[in-house]
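Overview (structure and organization)
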Amino acid sequence: MTDSRHAELTDLAGLYLVGALTPGERQEFEAHLETCAVCQGEIGSMRPAVDALLLAVPSRVPPIDLRRRVLRDVADLPSAADSEPQKPRPTGLAWIPLAASLLAALALGLYAWQLRSRVQNLETRLALAMEQAASAQREILGLRQAALEARSTLAVLAAPDLARIELAGQPAAPQARARAFWSRSRGLVLTASNLPPPPPGRVYQLWVVTADRPISAGLLEPNASGDVTATIQTPADLPTPVAMAVTLEPAGGVPLPTGERYLLGTPATNL
Amino acid sequence: MWALFGVIDPVARNREPFGRRGEDQAADKDAIRRIAAGDPDALGELYDRHARPVYSLAIRIVDDATEAEDVVQEVFAQAWRQAGRFDAARGAVGAWLLNITRSRAIDRLRARRAKPQATPTLTEKPVDQLIDPSETQERLIVTAETAARVRAALGRLPLLQRLAIELAFYEGLTHQEIAERLEEPLGTVKTRIRLGLMKLREALAETGA
């Protein structure tokens, strides 16, 4: 294996791990992997991050009868062996009625006592569980929101009718850049960087410019480094955009753009 | 109240599906040994510990409840057949099951894409319907911590790095397909995935995952 060949192949480690190689490339890489300690090390060190992706999905509950179906499936397969041993049947105590009733009274007392301590125990656990559920509920609302956002961003980007619009910094902010992805069926994702912090009382507002007029697509709140990503639902009957722009506007936003342009771009291809 | 316990108890046990907790991993490996010996009860145990993340991943990829159930059945049937070949030295049982799940689910997705008319059932559901409203909040806790950590780490990646990773990992696109979709050169996609994975790895190491 020559060095240049190795450099070319080691580059594929990430693609291999996330499953982005074609079958041919995959075979080639696996053959290389067997003989290359460097690539094995690379794969080993990145594997935990990829395994974590397996768990980073919204949690869903399988239907209750799926367990039965799964176990029934394997019962039909070979190799499932031994049957369950039969439990021995208890024999009757009825041969001393008096002793039996005494025993029963004793057992009842013991049972009542056990029951009371069991109830106390369960009450403690219930209180604990309620507390856990309450804190989990707060966490979950946040999670669910994050999951929805991630899901809709990805849905836009995986859309069959995806179009891309590059936005360039205008004289007010020549360093600023943005890229928008728009799908008529799924919505709009905008990612911008290097926006200067807006002056007090002013906000950035995003516009989808149609042949008729600019339509507000909402306010942007960049972080401290001037980056922002926004996912926006757009109506299915939105007229085809001819341009997109970001302007600086009074707090709360305005129905039509009034302020200076910071970003502007037109679609690379006809939408 | 009885119903509530039924829900809370498995949650406490399953909090770490890949088991930072040694006893879970040991129990999994013991179950695998028993499955290899043909014990169906052991498969039931494995199901109880892993069905939820397996089903969650399957439905995330195939985006269809019935198909996700088929995937779950295939995964446990495969575990039943191949338990004897499971190599305990190579990692956690949970990761093994989920890797099988991903590959089964992506196979279905690709088969569906290969048929011309197939995409609509996958894609045209409004986003709001993708989360099952009947799901109780208690049940959501199970993988919440792990998922939250990784999701947070993913969320901190630059958008295009995250997208390249997600389009490959959950949507089963090849790097050529991703490059076409994002209108970017192949080399750029390669770099984004690599950088994204490296950052993800660092983020997980920092939070002690």
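Residues numbered from 1 in each chain as written. Chains lettered and ligands numbered in written order. Predicted model: local features only at pLDDT ≥ 70, side-chain atom pairs only at ≥ 80, totals over all residues. Heavy atoms only, no water.

Okay, the overall build of chain A next. Of the regular secondary structure elements, chain A holds six helices and eight strands. When the helices and strands of chain A are placed in sequence order, the string is α-α-α-α-α-α-β-β-β-β-β-β-β-β. In chain A, the proportion of contacts linking residues at least 24 apart, taken out of those at least 6 apart, comes to 58%. Counting only carbon and sulfur atoms, one obtains 58% of the accessible surface of chain A, whose full area is about 15,700 Å². (Helix = DSSP H or I, 4+ residues; strand = E, 2+ residues; numbered from the N terminus. Contact = heavy atoms within 4.5 Å. Areas by Shrake-Rupley, 256 points an atom, 1.4 Å probe, with all protein chains shown as cover.)

Broken down by element type, chain B carries 11 helices and zero strands. Counting the 209 residues in chain B, one finds 53% classified as buried. Of all intrachain contacts in chain B linking residues separated by at least 6 positions in sequence, the fraction that spans at least 24 positions is 68%. Just so you have it, chain B exposes about 9,100 Å², and 52% of that area is on carbon and sulfur atoms. (Buried < 20%, exposed > 50% of the residue type's maximum accessible area, 1.4 Å probe, protein only.)

So, on to the nonpolar core. Judged by nonpolar contacts, the single largest core of 88 residues is most densely connected at Phe29(A), Leu97(B) and Ile193(B). Per-element accounting of this core gives the leading share, 12 residues, to helix 3 (residues 40-62) of chain B. In this structure, Phe29(A) is in contact with Leu9(A), Leu12(A), Ala13(A), Tyr16(A), Leu21(A), Cys39(A) and Ile43(A), ignoring residues within four places of it in sequence. In terms of nonpolar packing, the next biggest core, distinct from the first, is built from 25 residues, Ala180(A), Ile232(A), Leu238(A) and Val246(A) among them. (Core = buried A, V, L, I, M, F, W, Y, C linked by side-chain atoms within 4.5 Å.)

Residues and elements named next belong to chain A. Here we have eight strands laid out as an open sheet, ordered 5-4-7-8-1-2-3-6, and antiparallel in their pairing. Of all the strands in the sheet, the pair left with one neighbour each is strand 5 (214-220) and strand 6 (228-232). Each neighbouring strand pair of the sheet contributes to a mean axis angle of 20°, computed without reference to strand direction. (Pairing = 2+ DSSP bridges. Axes fitted to C-alpha atoms, helices over the stretch in contact; angles between N-to-C directions.)

Residue and element names in this part refer to chain A. With two bridges joining them, strand 1 (residues 162-169) and strand 8 (residues 261-265) adopt antiparallel strand pairing. Across the sheet, glycine 169 pairs through a bridge with leucine 263, a residue of strand 8. Taken together, the four bridges between strand 7 (residues 241-250) and strand 8 define a ladder with antiparallel strand orientation. Across the sheet, the residue bridging to alanine 245 is leucine 264, located in strand 8.

With that settled, the discussion passes to helix 4 (residues 65-82) of chain B. All names here are of chain B. Spanning 18 residues, helix 4 covers 25 Å between terminal C-alpha atoms, matching the ideal 26 Å at 1.5 Å per step. Residues of helix 4 that are buried: Ala68, Glu69, Val71, Val72, Gln73, Val75, Phe76, Ala77, Gln78, Ala79 and Trp80. Sitting at the amino-terminal end of helix 4 is aspartate 64, which places a side-chain oxygen 3.1 Å from the backbone nitrogen of threonine 66. (Expected span 1.5 Å × (residues − 1). Polar contact = N/O pair within 3.5 Å; in protein donor to acceptor, adjacent residues only side chain to side chain.)

Let us look at the packing of aromatic side chains. All names here are of chain B. Counted under the stated rule, the structure contains five aromatic pairs over all chains. Ring geometry for tyrosine 47 versus phenylalanine 76: centroids 5.2 Å apart, planes at 50°, classification tilted. Of this pair, tyrosine 47 sits in helix 3 while phenylalanine 76 is found in helix 4, placing the two residues 29 residues apart along the sequence. Look at tyrosine 47 and you get buried, because its relative accessible area is 5%. Residue phenylalanine 76 is classed as buried on the basis of its relative accessible area of 0%. In this arrangement the basic side chain of arginine 102 is found over the ring face of phenylalanine 169, its NZ or CZ atom lying 4.6 Å from the centre. (Phe/Tyr/Trp six-rings, centres within 6.5 Å; stacked < 30°, edge-to-face > 60°. Lys NZ or Arg CZ within 6 Å of the ring centre and 35° of its normal.)

Let's shift gears to the confidence of the model for chain A. Residue and element names in this part refer to chain A. Of all residues in chain A, 80% attain a pLDDT of 70 or more, and the chain-wide mean is 80. Per-element confidence in chain A ranges from a low mean pLDDT of 65 for helix 1 (residues 3-10) to a high of 94 for strand 8. Below pLDDT 50 for its whole length, residues 80-90 participates in five contacts with residues either more than four positions away or in separate chains. (pLDDT = per-residue confidence, 0-100.)

Residue and element names in this part refer to chain A. In a regular helix each residue adds 1.5 Å, so 13 residues correspond to 18 Å; helix 3 (residues 23-35) covers 19 Å between its end C-alpha atoms and thus fits that length. Of the positions making up helix 3, those classed as buried are Glu25, Phe29, His32 and Leu33. Mapping the buried residues of helix 3 onto a view down its axis gives an arc of 105°, with all of them on the same face. Facing away from the buried side of helix 3 by over 90 degrees, the exposed positions are Pro23, Gln27, Glu34 and Thr35. (Arc of directions from axis to C-beta.)

A grouping of Leu108(A), Tyr111(A), Leu115(A) and Val119(A) is seen on the molecular surface, where their side chains present a nonpolar patch of about 390 Å² in accessible area. Counting through the fold element by element, Leu108(A) comes out in helix 6 (residues 97-157). (Patch = residues over 30% accessible without salt bridge, like charges linked within 9 Å, V, L, I, M, F, W, Y side chains within 5 Å. Salt bridge = Lys/Arg side-chain N within 4 Å of Asp/Glu carboxyl O.)

Moving on to the pattern of salt bridges. The tally for this structure, following the rule as stated, stands at 21 salt bridges over all chains. Taking the shortest distance from any N to any O, the salt bridge between Glu42(A) and Arg194(B) comes out at 2.4 Å. Taken as a pair, Glu42(A) in helix 4 (residues 37-55) and Arg194(B) in helix 11 (residues 186-206) lie in two separate chains rather than in one. A salt bridge links Glu67(B) to Arg112(B), with the nearest nitrogen and oxygen atoms 2.7 Å apart. Of the two residues, Glu67(B) is situated in helix 4 and Arg112(B) in helix 5 (residues 93-114); the sequence distance between them amounts to 45 residues. Accessibility expressed as a relative area gives 9% for Arg112(B), which makes it buried. Where salt bridges share partners, they join Arg164(A), Glu166(A), Arg179(A), Glu184(B) and Arg192(B) into one cluster.

Moving on, we come to the packing of helix 5 (residues 66-76) of chain A against helix 4 of chain B. Following both chains from N to C, one finds helix 5 of chain A and helix 4 of chain B inclined at 40°, their axes separated by 9 Å at the closest point. Classed by the angle they form, the pair helix 5 of chain A and helix 4 of chain B counts as oblique. For the pair helix 5 of chain A and helix 4 of chain B, the crossing hand works out as right-handed. Contacts from Leu66(A), Arg69(A), Val70(A), Asp73(A) and Val74(A) in helix 5 of chain A reach Glu69(B), Val72(B), Gln73(B), Phe76(B), Ala77(B) and Trp80(B) in helix 4 of chain B. Here the contact of helix 5 of chain A with helix 4 of chain B is built from residues that sort into seven nonpolar, one polar and three charged. (Parallel < 35°, antiparallel > 145°, perpendicular 65-115°, else oblique. Left-handed = near helix turned anticlockwise from the far one by under 90°. Nonpolar A, V, L, I, M, F, W, Y, C, P; charged D, E, K, R; others polar.)

Turning our attention to the pairing of strand 5 of chain A. Residues and elements named next belong to chain A. Here strand 4 (residues 202-210) pairs with strand 5 via five bridges, running antiparallel. Looking across to strand 5, one finds that valine 209 is bridged to proline 214. Hairpin connection of strand 4 to strand 5: three residues between the antiparallel strands.

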